[in-house]
Amino acid sequence: VTACSPCVVNSSMLCRKYTVLPPPRDKEEKAMLDSMLRVDHAGEYGANCIYAGQMAVLGRTQSGPLIQNMWDQEKIHLQKFNEILGENRVRPTVMLPLWNIAGFLLGASTALLGKEGAMACTVAVEESISEHYNSQIRALMEEDPDRYTELLQLIKEFRDDEMEHHDTGLEHDAESVPGYMILKTLIQAGCKAAIYISQRI
Amino acid sequence: MAALIRSLRAVRSLRGLGSAVVATTCPASLYGGLRRGFHRAALLASDSKSDQTVPPPSHHEHYQAQEPRQGSSTFSTEQASASDPGTQHEDPWPNTSYQDQSGEQAEDYETEDQLQARILTAALEFVPQHGWTVEAIAAGAETLGLSAASAGMFDNGAGDLVLHFVGQCNVQLTEILAEEHNQVQLGQAEKKKTADFLRHAVETRLRMLVPYIDTWPQAMSLLLLPHNIPESLKHLSTLVDDIWYYAGDRSTDMSWYTRRAALTGIYNTTELVMVQDSSPDFEETWVFLDNRIRDVVNMANTAKQVQATGEAVVQGLMGAAVTLKNITGVNQRR
């Protein structure tokens with residue numbers, strides 16, 4: 001069963017004719033940007049799959065529309081990264097099938113703990129992703145903020161969306177799931193490992 | 001007089017060697033400096049054999065433009081002698097700087113890499129005669145007016161020559177594909193179907209081997225030597241990535257990997273068929289290529305069909321399960 005497939009979103013809102021990245025000036029810059037975009041793409045792909053898992057379990061309950069909303073936003077992010085990767089000849093990470101299965105299982109298993117479990121998972125993952133985007137923003141600002149203005153704008157926008165999901169999760173009783181701290185720590189450790197691996201392969 | 005000039009040049013080269021060891025201008029620092037010193041010694045040795053060289057006309061402007069920028073004293077003696085109308089202008093360093101005057105170099109001749117590329121390109125015409133060997137490189141160096149000993153610059157010997165050739169062919173192929181892509185964009189040419197495009201790209205690339213096809217097995221074995229494998233794999237992967245990019249592949253999932261793996265297989269096997277093909281104009285090779293591409297396309301189509309069938313089967317099973325639940329009353333909502 002394929003849980004994740006890039007959905008058919010109305011791409012007119014994403015229709016931009018310019019590229020987000022500056023043309024690379026040497027191999028090191030290309031390698032750095034490749035690695036950043038690869039891990040960002042993997043992150044959005046994973047988030048997509050996590051929401052798909054959650055919907056599979058909780059889709060028909062009251063929290064269905066809420067999760068669907070957040071999932072739709074993630075789909076837009078994934079679409080954008082797909083475009084950027086294609087335009088800039090960035091290699092996607094070879095771990096994608098693994099992230100597909102792992103993400104779906106994570107989403108489904110936390111959703112089995114109920115709505116609070118799903119929200120806790122959302123909080124943990126979105127916090128990891130926001131932290132990761134923040135560190136990328138810091139790195140790019142240190143390098144050369146003028147050169148990467150558009151990329152910085154894009155990452156900031158996505159980071160704000162992820163923070164919004166994080167706050168939504170907290171609003172909807174994420175912290176009331178039993179074992180919240182353990183669950184959160186475990187999930188965030190997994191996310192860190194996934195980010196580390198995706199940057200490299 | 002000539003002896004005086006030669007001894008001046010010997011001093012200059014020694015100083016050059018010394019400064020090369022000390023200078024930190026090149027990124028490979030010490031080793032690069034030593035090689036540059038070796039390069040200058042090679043040039044010096046060759047020049048002592050040749051007659052007076054007439055310096056290229058831009059030589060003076062080049063040196064004079066460099067003068068205000070020169071911090072080091074390395075070239076002060078050359079500048080003194082260059083602007084001295086009395087001495088003969090026998091310039092041991094041919095001014096072949098391709099970069100513009102504001103380039104990163106402090107020395108005003110071409111970089112190590114550019115010189116090596118020139119020597120290797122010149123060496124290619126001797127490959128049918130000497131094979132992929134250091135002798136071919138030495139012969140190439142001699143046609144450029146350098147000493148045969150400058151082949152010692154290449155610590156990887158024949159491997160460098162083969163890798164240079166492979167890289168050059170890949171660059172040529174990319175230029176051809178980019179040009180064709182432009183023409184399609186401008187509407188001057190029809191867009192090819194993927195299978196045709198792949199066939200055309202692989203054939204174009206393999207045809208570049210035709211002048212060297214007799215010695216190509218030797219080159220292939222050189223590329224498979226353990227210390228050459230990383231770089232030859234890099235060349236192969238950039239080749240395959242370029243071909244797929246211009247074929248229009250913008251995928252960002254596992255098919256990125258499967259497509260490139262398939263094309264690598266096609267390219268390598270066709271290359272192997274080509275080296276032992278004796279048919280006129282390698283017809284059998286192109287037929288083999290056609291068949292392999294058709295195989296891959298069929299496999300891709302079959303995979304798609306299998307996936308569609310699988311999905312349909314799963315839908316059917318789900319429907320059957322729901323029906324069963326309804327019949328047995330498990331699905332009742334009270």
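Going by an unreviewed UniProt entry, chain A carries the name 5-demethoxyubiquinone hydroxylase, mitochondrial and comes from Pygocentrus nattereri. Regarding chain A, the UniProt comment filed under Function (unreviewed entry) reads as follows: "Catalyzes the hydroxylation of 2-polyprenyl-3-methyl-6-methoxy-1,4-benzoquinol (DMQH2) during ubiquinone biosynthesis. Has also a structural role in the COQ enzyme complex, stabilizing other COQ polypeptides. Involved in lifespan determination in a ubiquinone-independent manner." Its UniProt record gives chain A the following Pathway (unreviewed entry) comment, quoted word for word: "Cofactor biosynthesis; ubiquinone biosynthesis."

When you go through chain B residue by residue, the secondary structure sums to 13 helices and zero strands. Written out in order from the N terminus, the α and β elements of chain B read α-α-α-α-α-α-α-α-α-α-α-α-α. Only carbon and sulfur atoms are counted for the fraction: they give 59% of the accessible area of chain B, which is about 18,700 Å².

Residues and elements named next belong to chain A. Under the feature "binding site: Fe cation 2" (unreviewed entry), the UniProt entry names Glu74, Glu126, Glu162 and His165. The annotated residues occupy 92 residues of the chain but converge on a single region, no pair of C-alpha atoms lying more than 10.9 Å apart. With respect to the element layout, Glu126 can be found in helix H4 (residues 115-143). Not counting the four nearest positions on each side in its chain, Glu126 is found in contact with Tyr51, Glu74, Glu162, His165 and His166. There is a polar contact of 2.7 Å between the side chain of Glu126 and the side chain of Tyr51. With sequence-adjacent residues up to four places away left out, His165 is seen in contact with Tyr51, Met70, Gln73, Glu74, Thr122 and Glu126. Here the side chain of His165 touches Glu74 through a polar contact of 3.2 Å, side chain to side chain.

Tallied over the entire structure, the rule returns eight aromatic pairs over all chains. Measuring from centroid to centroid gives 5.5 Å for Phe81(A) and Phe158(A), while their planes differ by 75°, and the two rings are edge-to-face. Of this pair, Phe81(A) sits in helix H2 (residues 64-87) while Phe158(A) is found in helix H5 (residues 149-171), placing the two residues 77 residues apart along the sequence. What makes Phe81(A) buried here is its relative accessible area of 1%. Residue class for Phe158(A) comes out buried when judged on its relative accessible area of 4%. Note on Trp256(B) and Tyr257(B): the rings are 4.9 Å apart at their centroids and 65° apart in plane angle, and the pair reads as edge-to-face. Three or more aromatic residues joined by ring pairs form one cluster here, namely Trp132(B), Phe165(B), Tyr212(B) and Trp216(B).

Residue and element names in this part refer to chain B. Along the chain, the position of Gln218 falls in helix H10 (residues 216-223). If we skip the residues at most four places from it in the chain, Gln218 touches Gly131, Trp132 and Thr133. At a separation of 3.0 Å, a polar atom in the side chain of Gln218 contacts the main-chain amide nitrogen of Trp132.

A few words now on helix H1 (residues 27-58) of chain A. Over its 32 residues, H1(A) runs 46 Å from end to end, which matches the ideal 46 Å to within 8%, given 1.5 Å per residue. Within H1(A), 24 of the 32 residues are buried, which leaves it mostly tucked inside the rest of the structure.

Once that is clear, we can look at a nonpolar patch on the surface. Taken together, Leu224(B), Ile229(B) and Leu233(B) make up a surface patch of nonpolar side chains, about 280 Å² in accessible area. Turning to its location among the elements, Ile229(B) is positioned in helix H11 (residues 229-247).

Estimates place the volume of the largest pocket at around 1,400 Å³. Looking at the largest pocket, it is lined by 32 residues, and the ones nearest its centre are Lys27(A), Lys234(B), His235(B), Ser237(B) and Thr238(B). It is H11(B) that contributes the most residues to the lining of the largest pocket, nine residues altogether.

With 15 residues of chain A in contact, the opposing surface of chain B contributes 11 residues. With both sides pooled, the region where chain A packs onto chain B buries about 1,100 Å², and carbon together with sulfur makes up 61% of that total. The interface formed by chain A and chain B contains two salt bridges. The partner of Asp241(B) in a salt bridge is Arg89(A), with the nearest N and O atoms 3.3 Å apart. Across the contact surface, chain A and chain B share six residue pairs in polar contact (both at pLDDT 80 or more). Considering each element in turn, the side of chain A that touches chain B owes the most residues, four residues, to H2(A).

Residues and elements named next belong to chain B. With 66% of its residues at a pLDDT of 70 or more, chain B has an overall mean of 78. Residue range residues 20-32 is modelled with pLDDT below 50. Its contacts to residues more than four positions away, or to other chains, number 11 contacts. When the criterion is pLDDT under 50, residues 47-90 qualifies, and its contacts beyond four places in sequence or with other chains add up to 50 contacts. Across the whole predicted complex the pTM is 0.72, and at the interface the ipTM reaches 0.84.

Rules used in this analysis
- Residues numbered from 1 in each chain as written.
- Chains lettered and ligands numbered in written order.
- Predicted model: local features only at pLDDT ≥ 70, side-chain atom pairs only at ≥ 80, totals over all residues.
- Heavy atoms only, no water.
- UniProt positions renumbered as here; feature names shortened; annotations may be inferred.
- Helix = DSSP H or I, 4+ residues; strand = E, 2+ residues; numbered from the N terminus.
- Areas by Shrake-Rupley, 256 points an atom, 1.4 Å probe, with all protein chains shown as cover.
- Contact = heavy atoms within 4.5 Å.
- Polar contact = N/O pair within 3.5 Å; in protein donor to acceptor, adjacent residues only side chain to side chain.
- Phe/Tyr/Trp six-rings, centres within 6.5 Å; stacked < 30°, edge-to-face > 60°.
- Buried < 20%, exposed > 50% of the residue type's maximum accessible area, 1.4 Å probe, protein only.
- Expected span 1.5 Å × (residues − 1).
- Patch = residues over 30% accessible without salt bridge, like charges linked within 9 Å, V, L, I, M, F, W, Y side chains within 5 Å.
- Salt bridge = Lys/Arg side-chain N within 4 Å of Asp/Glu carboxyl O.
- 1 Å grid on protein atoms, 1.4 Å probe; cavity = no way out; pocket = protein on both sides within 12 Å on 5 of 7 lines; lining within 4 Å.
- Points joined across faces, edges and corners; volume = space filled by probe spheres on them.
- Buried area = accessible area lost by both parts, 1.4 Å probe.
- pLDDT = per-residue confidence, 0-100.

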